[in-house]
Amino acid sequence: MALSQAEVDFITKKVKDLAPTLEHNQKLFNIYEGLLLQYIEEDLKQQLSPESYEVICTRIAPINVLKRIVDKLSTIYAKPPKRTVVKGTEQDKELLSWYEQHMEINANMNIANELFNLHKTSTLEPYAYQGFPKLRAVPSDRSVMISTDKIDPTRPTIWVKLMGKQTVGVEQKEILYIYTADSFTVATLEGEILQSPPENPNGENPLGELPAVWVNKSFHSVVPPIDTDILRMTKIIPILLSDLNYAVMFQSFSIMYGIDVDTQNLRMAPNAFWNFKSDATSDKTPSVGVIKANVDIDQVIGFIEAQLVFWLNSKSIRPGTVGGLTSQNLSSGISKIIDEMDTAEDRQKQVHYFVKAEGEMWNLITKRYHSYWMERGLLNTNLEFSPNCEIKVEFQEQLPLVRRTELLNDVIRELEKRLTTRKRAIKTLNPEMSEEEIDQLMLEIEQESQTNIEIPIEPTDEEQLDNEQEAVSV
């Protein structure tokens, strides 16, 4: 049954109260998608005079550090986790594999991981399309969870999906899809309840629980407070670089000035000659000078580097090798700081959230969604999950960034000092291998080492002469 007017009014007020958070998340999402320039232009327009803005807008350096940092943090699915059926059957294993394939589970969960690091939240929404199960990760500028649980305020009990503006009567209004455990309601942001779609005229939620899974970084609130630093620092780095471009331009073009000079006959040209004569009727002497701007470029770049490094440290991210940025290595230096930054500790923390999220999602699919889709003929399969089926998700350990040559040297030293075994050493060098693959590799190495291959060696001239003399004496 659809919600009452009082319930819808309560929900729409909550959504309106979260408008600053939704706007913040939308800006981050747009920047992550590549729309950084417009936000830099907005800030510079507020900070500079119209004349200065007209000059600097063509020299803006829209370097998007946000995308590089989020991508660097979002790698827990780079090596896919292992999903196994517990308390199930061979049919459950076959069906799990079918779901993984058609949902493109690792690719879509990687997107969810990116959104999680961007917004601190992400929404996993399974759905059926053209006979197959699908999965989408919904950005947090269009997805809101509300909790009415007085004991656990982090447990979402209402999901609001912002569907954008649609025509209602003769007006364009913001449309909300509101889900609870047993109801589905369509309403406007102003609280007007609209008619439910024909396929669900009674406004019911047949699943019996929310049709999506909320991945939330906060342990204290269902919608975490925004990180005010991430948007500000994402913009300040390119703004400082744009300021530097602006300053370099004026350093390249000097300003000429004249005192008591008749400028009517002055001509600007490489070979021009200006002849000045003092006015006999005046005690003033004409003169020409140059004002040349002087910017310490390396010092400004060092200042930008310090801010970037300090910001990364404040996010519990150890930046990569910092050898001192200069005008010669600015681009490569920033890339190196980000490429080599150590995110292992942060990624290991993320694993906790996504083990929990995937567990909830697979439980929703195996216990609710699959049977619902099958009843309505929405899936091209005859397989069913068994009642006791559970799906366990195991991630690989999130290791620090170590070059393979360095790791190999460390492993060799441990083997030489008898501090580890060959099997453990191979596992360290190849963490993605299963126990069976490691055993097979060890067997192949052992077999190869026992194979003696004799390579014929041509005798030297002296050895040939000795052999001939021995043959004669015999």
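Counting restarts for each chain, with residues numbered from 1 along the sequence as it is written. Since the coordinates come from a predicted model, pLDDT governs what is reported: local features require at least 70, and pairs of side-chain atoms require 80 or more to be given and counted, while whole-chain, interface and lining totals use all residues. Values shown for side chains rest on all heavy atoms present in the structure; no hydrogens or waters enter the calculation.

Peer 1: Before we move on, can you summarise the overall build of the protein chain with the specific residues and values?
Peer 2: The helix and strand labels rest on DSSP assignments: H or I over at least four residues marks a helix, E over at least two residues marks a strand, and numbering proceeds from the N terminus. Along the backbone of the protein chain there are 15 helices and 12 strands. Classification of residues uses two cut-offs on accessible area relative to the type maximum, computed with a 1.4 Å probe and protein chains only: under 20% is buried, over 50% is exposed, and between them is partly exposed. Taken over 474 residues, the protein chain has a buried fraction of 38%. Note on areas: Shrake-Rupley with a 1.4 Å probe; residue coverage comes only from the protein chains shown. Approximately 28,500 Å² of the protein chain is accessible, and the part contributed by carbon and sulfur atoms is 51%.

Peer 1: Let's hear about the packing of helix α7 (residues 105-119) against helix α11 (residues 344-375): which residues, and what values?
Peer 2: One can describe the packing of α7 onto α11 by two numbers: an axis separation of 11 Å at closest approach and a directional angle of 125 degrees. By the angle between their directions, the pair α7 and α11 is classed as oblique. Here α7 and α11 pass one another in a crossing that is right-handed. Where α7 approaches α11, its residues I105, M109, A112, N113, F116 and N117 are matched on the opposing element by D346, Q350, Y353, F354, E358, M361 and W362. Axes, fitted as lines to C-alpha atoms, cover a helix only where it is in contact. Angles between the N-to-C directions of the axes lie from 0 to 180 degrees. Angles are sorted into four bins: roughly parallel if under 35 degrees, roughly antiparallel if over 145, roughly perpendicular if 65 to 115, and oblique for all others. Left-handed describes a crossing whose near helix is turned anticlockwise from the far helix through less than a right angle; right-handed describes the clockwise counterpart. Contacts: residue pairs with any heavy atoms within 4.5 Å of one another.

Peer 1: Give a description of the sheet that holds strand β3 (residues 132-138) that names residues and reports values.
Peer 2: Hydrogen bonding along the main chain pairs the strands of a sheet, whether they run parallel or antiparallel. With antiparallel pairing, 3 strands are arranged side by side in an open sheet as β3-β2-β9. The open sheet has two edge strands, β3 and β9 (213-216), and neither has a second partner. Averaged over all pairs of adjacent strands, the angle between strand axes in this sheet comes to 20 degrees, irrespective of strand direction. At least two bridges found by DSSP between two strands are what make those strands a pair. In this structure, strand β2 (residues 121-129) lies alongside β3, joined through 7 bridges in antiparallel fashion. When the bridges of β3 are listed, T123 appears paired with V138.

Peer 1: With reference to specific residues and values, describe empty space enclosed by the protein.
Peer 2: Summary: where empty space remains is shown by rolling a probe the size of a single water molecule over the atoms. The method works on a 1 Å grid over the protein atoms by themselves. A cavity is a set of points holding a 1.4 Å probe that cannot get out, a pocket is an open set with protein on both sides within 12 Å along at least five of seven lines, and residues with an atom within 4 Å of a point line them. Grid points are joined across faces, edges and corners, and a volume is the space filled by probe spheres set on the points. Counting across every chain of the model gives 2 cavities of 30 Å³ or more. A volume near 110 Å³ is recorded for the largest cavity. Together, 15 residues line the largest cavity, and T21, N25, T121, S140 and V223 are the ones closest to its centre. Residue assignment for the lining of the largest cavity shows that the elements contributing at least two residues are α2 (19-32) and β4 (143-146). Note on residue classes: Ala, Val, Leu, Ile, Met, Phe, Trp, Tyr, Cys and Pro are nonpolar, Asp, Glu, Lys and Arg are charged, and everything else, Gly too, is polar. A class-by-class count of the residues in the lining of the largest cavity yields 9 nonpolar, 6 polar and no charged.

Peer 1: Run through the layout of surface pockets, naming residues and quoting values.
Peer 2: One number sums up the size of the largest pocket: a volume of about 730 Å³. If you go around the largest pocket, you meet 26 residues; those closest to its centre are Y179, E199, N200, Y369 and Y372. The greatest single-element share of the lining of the largest pocket, amounting to 4 residues, is contributed by β2. Looking at the lining of the largest pocket, its residues break down into 17 nonpolar, 3 polar and 6 charged.

Peer 1: Outline the packing of aromatic side chains, listing residues and values.
Peer 2: Only Phe, Tyr and Trp rings are paired, with Trp represented by its six-membered ring, and only when their centres lie within 6.5 Å; those with planes under 30 degrees apart are stacked, over 60 edge-to-face, the remainder tilted. Summed over the entire model, instances satisfying the criterion amount to 13 aromatic pairs. Judged by centre distance (6.0 Å) and plane angle (80 degrees), the rings of Y77 and F354 are edge-to-face. Residue Y77 is located in the loop between α5 (65-73) and β1 (82-86), and its partner F354 is located in helix α11; the two are separated by 277 residues in the primary sequence. Of the two residues, Y77 and F354, both sit in the buried class. For the pair F219 and Y353, a centre-to-centre distance of 5.8 Å together with 40 degrees between the ring planes defines the contact as tilted. Residue F219 is found in the loop between β9 and α8 (228-252), and its partner Y353 is found in helix α11; the two are separated by 134 residues along the sequence. F219 gets classed as exposed once you look at its relative accessible area, which sits at 56%. Any Lys NZ or Arg CZ that is within 6 Å of a ring centre and within 35 degrees of that ring's normal is treated as a charge sitting over the ring. Above the ring of Y127, the side-chain terminus of R136 is found at 3.9 Å from the ring centroid. Over the aromatic face of F29 sits the side chain of R142, whose NZ or CZ is 4.9 Å from the ring centroid.

Peer 1: Lay out the packing of α2 against α7 with the relevant residues and their values.
Peer 2: Any two packed helices are characterised by the angle at which their axes cross and by the distance between the axes. As a packed pair, α2 and α7 sit with axes 10 Å apart at the nearest point and diverge in direction by 130 degrees. On the basis of the axis angle, α2 is oblique to α7. Of the two elements, α2 crosses α7, and the hand of that crossing is right-handed. Residues N25, L28, F29 and Y32 of α2 form the contact with α7, whose own contacting residues are E114, L115, L118 and H119. For the contact of α2 with α7, the residue count by class is 5 nonpolar, 2 polar and 1 charged.

Peer 1: Describe in detail the side chain of S74, supporting the description with residues and values.
Peer 2: You can see S74 is positioned in the loop between α5 and β1. In this structure S74 comes out as buried when scored by relative accessible area, which is 4%. Two N or O atoms form a polar contact when they lie within 3.5 Å of each other; inside protein one atom must be a possible hydrogen donor and the other a possible acceptor, and for residues adjacent in sequence the pair counts only when both atoms belong to side chains. Within the structure, S74 has its side chain in polar contact with the backbone oxygen of V70 (distance 2.7 Å). In this structure the side chain of S74 is engaged in a polar contact, spanning 2.9 Å, whose partner is the side chain of N117.

Peer 1: So what about the sheet that holds β4? Which residues, and what values?
Peer 2: With antiparallel pairing, the 5 strands of this open sheet are ordered in space as β4-β5-β6-β7-β8. On the outer flanks of this sheet lie β4 and β8 (193-194), each paired with one strand and no other. When strand β5 (residues 158-168) meets strand β6 (residues 171-179), the two strands line up antiparallel, connected through 8 bridges. Counted as the bridge partner of V160 is I178 from β6.

Peer 1: Go over the pairing of β2 with me, naming the residues and quoting the values.
Peer 2: As paired strands, β2 and β9 are joined by 4 bridges and run antiparallel to one another. Looking at β9, one finds that T121 is bridged to N216.

Peer 1: Describe unusual backbone geometry, listing the residues and the values that go with them.
Peer 2: The backbone phi angle of K120 is positive, close to 75 degrees, even though this residue is not glycine. Residue placement: K120 occurs in the loop between α7 and β2. In this structure K120 comes out as buried when scored by relative accessible area, which is 16%. Of note in the backbone geometry, R418 takes a positive phi value of approximately 55 degrees without being a glycine.

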